[in-house]
Every structure is written in C-alpha cells, then in structure tokens.
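Spelled out from the first residue to the last, the chains are:
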Amino acid sequence: MIVNNEFVYSGHEGAIYTLENCPEADYFYSGGSDGILSKWKIHDSTAAQALGKMNSPIYAIRWVKEKNVLLAGTGKGEFYAIDLNSQSLIASIQFHSSGIFDLHYSFDTKKIFSCSTSGELAIWDLDTFQLLKKETITSGKIRALAVSNDQNELAIACGDGTIHIWDTLSLKEKLSFKAHNDSSNSLAFHPTQNVLLSGGRDAHLRVWDINNYQLRKEIPAHNYAIYSIAFSPDKKLIATASRDKTAKLWNADDFTFIYRIDRESSAAHSHSVNKVLWLPSGELLTAGDDRKIFQFKIT
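All figures in this text were calculated on a predicted structure; none of them were measured in a lab. (Residues numbered from 1 in each chain as written. Predicted model: local features only at pLDDT ≥ 70, side-chain atom pairs only at ≥ 80, totals over all residues. Heavy atoms only, no water.)

Draft legend 1. Summary view of the packing of aromatic side chains. All chains considered together, the criterion is met by 13 aromatic pairs. Centroid distance Phe-79 to Phe-95: 3.9 Å. Interplanar angle 0 degrees. Geometry classified as stacked. Of this pair, Phe-79 sits in strand E8 (residues 78-83) while Phe-95 sits in the loop between strand E9 (88-94) and strand E10 (100-106), placing them 16 residues apart in sequence. For the pair Phe-79 and Phe-95, one class covers both residues: buried. Ring pairing ties together the aromatic residues Phe-7, Tyr-9, Phe-28 and Trp-40, which thus form one cluster. It is Lys-39 that lies over the ring of Tyr-27; its NZ or CZ is 4.8 Å from the centre. (Phe/Tyr/Trp six-rings, centres within 6.5 Å; stacked < 30°, edge-to-face > 60°. Helix = DSSP H or I, 4+ residues; strand = E, 2+ residues; numbered from the N terminus. Buried < 20%, exposed > 50% of the residue type's maximum accessible area, 1.4 Å probe, protein only. Lys NZ or Arg CZ within 6 Å of the ring centre and 35° of its normal.)

Draft legend 2. Region of interest: the pairing of strand E3 (residues 27-32). A large share of E3 lies buried, amounting to five of its six residues. As judged from the five bridges shared by strand E2 (residues 16-21) and E3, these two strands associate in the antiparallel manner. Its bridge partner lying in E3, Asn-21 is registered against Phe-28. Hairpin connection of E2 to E3: five residues between the antiparallel strands. The sheet contact formed by E3 and strand E4 (residues 36-41) spans four bridges and is antiparallel. Counted as the bridge partner of Tyr-29 is Lys-39 from E4. Where E3 folds back onto E4 in an antiparallel hairpin, the turn is made up of three residues, including Gly-35, whose phi is positive at roughly 75 degrees. (Pairing = 2+ DSSP bridges.)

Draft legend 3. Quick look at the sheet that holds strand E21 (residues 214-220). Read across the sheet, four strands follow the order E18-E19-E20-E21 without closing on themselves; strand pairing throughout is antiparallel. Pairing within the sheet leaves two strands with one partner each, and these edge strands are strand E18 (184-189) and E21. Taken over all neighbouring pairs, the strand axes of this sheet differ in orientation by 20 degrees on average, direction set aside. Alignment of strand E19 (residues 195-200) against strand E20 (residues 204-209), held across five bridges, turns out to be antiparallel. Each bridged residue has a counterpart across the sheet, and for Val-195 the counterpart in E20 is Asp-209. (Axes fitted to C-alpha atoms, helices over the stretch in contact; angles between N-to-C directions.)

Draft legend 4. Geometry of the pattern of salt bridges. Enumeration according to the criterion identifies eleven salt bridges in this entry. Residue Arg-62 pairs with Asp-102 through a salt bridge whose shortest N-O separation is 3.4 Å. Taken together, the residues Arg-62 in strand E6 (residues 58-64) and Asp-102 in strand E10 connect sequence positions 40 residues apart. Taking relative accessible area as the criterion, Asp-102 reaches 10% and is therefore assigned buried. (Salt bridge = Lys/Arg side-chain N within 4 Å of Asp/Glu carboxyl O.)

Draft legend 5. Focus on the side chain of Thr-138. As for its position among the elements, Thr-138 is in the loop between strand E13 (131-136) and strand E14 (142-147). On the basis of relative accessible area, Thr-138 is assigned to the buried category, the value being 6%. In this structure the side chain of Thr-138 is engaged in a polar contact, spanning 3.4 Å, whose partner is the backbone nitrogen of Gly-140. A distance of 3.3 Å separates the side chain of Thr-138 from the side chain of Asp-160, its partner in a polar contact. Setting aside anything within four residues of it in sequence, one finds Thr-138 in contact with Ser-118, Gly-119, Cys-158 and Asp-160. (Polar contact = N/O pair within 3.5 Å; in protein donor to acceptor, adjacent residues only side chain to side chain. Contact = heavy atoms within 4.5 Å.)

Structure below.
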C-alpha cells in the first residue's frame, strides 16, 4: 500500500474537531474551536468559504443527505440546521445546556440524536426539530453516537467507559455494557459485518458482535486515546484517529493493521488527530489540534 500526502488545508484559527462530506463531491465541511463552519474545495489552496460563525467551538457536523440539510452542534449546546439548497438557516435552537459532542440521525424514523458533555441524550424530530425525549444516561460526558445499518439501534459512547444501545423506534434502552477502561470515545457500525467498533481513551479498538454485544476482538491500536473511526467508501479499509498524533489504516475484513500515518513518515500532524473522513473519491482527510487538514491518496 502506498499512502501519499496529497494536500494540506490551513485557515482555521484553532483546533479542528469535525469533518463532513458535502453534496458537491469536490467539497467538504469542517468545524473547530474557532467556531467557524467552513466549506473547502478539494485541492484548492485558497481560503475556505465560511458558512457561519458560531458563538462557541463546533464539535459536530452532520449532513442529512436525504434532505440536503447540514446540522451543527456547538460547545454551548446550540444546534443549527442549514438548508443547503437555499443556503438559509432553518433552525437555531438551544438543544442542550452544555456542549454537543455528536449529532446523528435516522431518516427512516425521522429522528435526530444529540449528546452532550453533561451526559444527556436527546431525540428530536428530523422535520420539525421538536424535542421528543431527553434523558441523562451518565454522570459524565457522552462522546459519540452511531446508528446501525438498519437504523433500528443507536449506540452511545460514554465517558465512564460504557456503551449504551437504544432502540430508535421505542426510544428505550436495550442494554449497556462496559467497553473501555476509561472513556469510550468513538463508534462505527461495520457496513458489511454484524459488528460495532469502539475506540477508547485506553487506546484500544474493540469489535463487538451486535447480535449479543459480546466482545469479538480487542486491538491495542494506538498509544493514546482514539477519537474517530471511519470506513472507506469501498468498505475495505478502516481509518482511526488518535491523540498520539497519528492516523492508522486497518483491514476492514479481519481488522489487521496496515499503515501508520504520522509526521515522520507522511509529513502529517504535529498534534492530536481528532477526526478522519473518507471522501467519495476514496481519499482520506485527517484533522487535528495543529489547525490543519491533510488529504491522503491511498493506492
């Protein structure tokens, strides 16, 4: 495998926490501690287009492709929805009293899921943005959310190391289990296998059988906390991002290690890597505390 550092994007004034794909395949979105929601053109060194300036850091961005709406959550618990067809703000709501770490949605059930730094899970109507349910499920932070491929289950990664599984139709918890020694930080349902991947502050990547949520495999994947997990568009690769300043590539079939992307070998990040995102083209984006986004071509 050959991994080439193709491009670097700079312009954010602080750490970059989140990335998201765009309806236009040659663009993508980013957000970070400077509160600027940015739209970048791929392989373009000019400044990004600022879609908005929020009152606090942007921790989460989610593109609802079925409605062509972009959702954003901030460090003050504010929620924004932008209609990308009309380029207009269609919602601005105080979703939580503390920061929104992640946003997800189920188009089949018409629900938005949001989680906060105070341990709240909230469910909102995707069409009206009305609150359907809000519940505190942990005394610490909720770090990440993931919706299963059939959209029937919501996985919730918590700062106490647990993962909670909720039914997206009944909006009730089905089970919870201890997943990591410290915080559970990141989640991703496998696109072709019946497993859930989780990454923790303990630097381990764990593979859970979604039929019973028993541990199938445990991998000491990084040196420090794992912040992001993402599958490639062809479903053959997994990318992980870590506080150890690296991103890593894994075989999506058997979860074996393939490649380490770091500053020494790939002229990559000098600080924590917070997010990985695959472009539709199959190239990988990484974003970090060093205020940079790198784009890698993998052949």
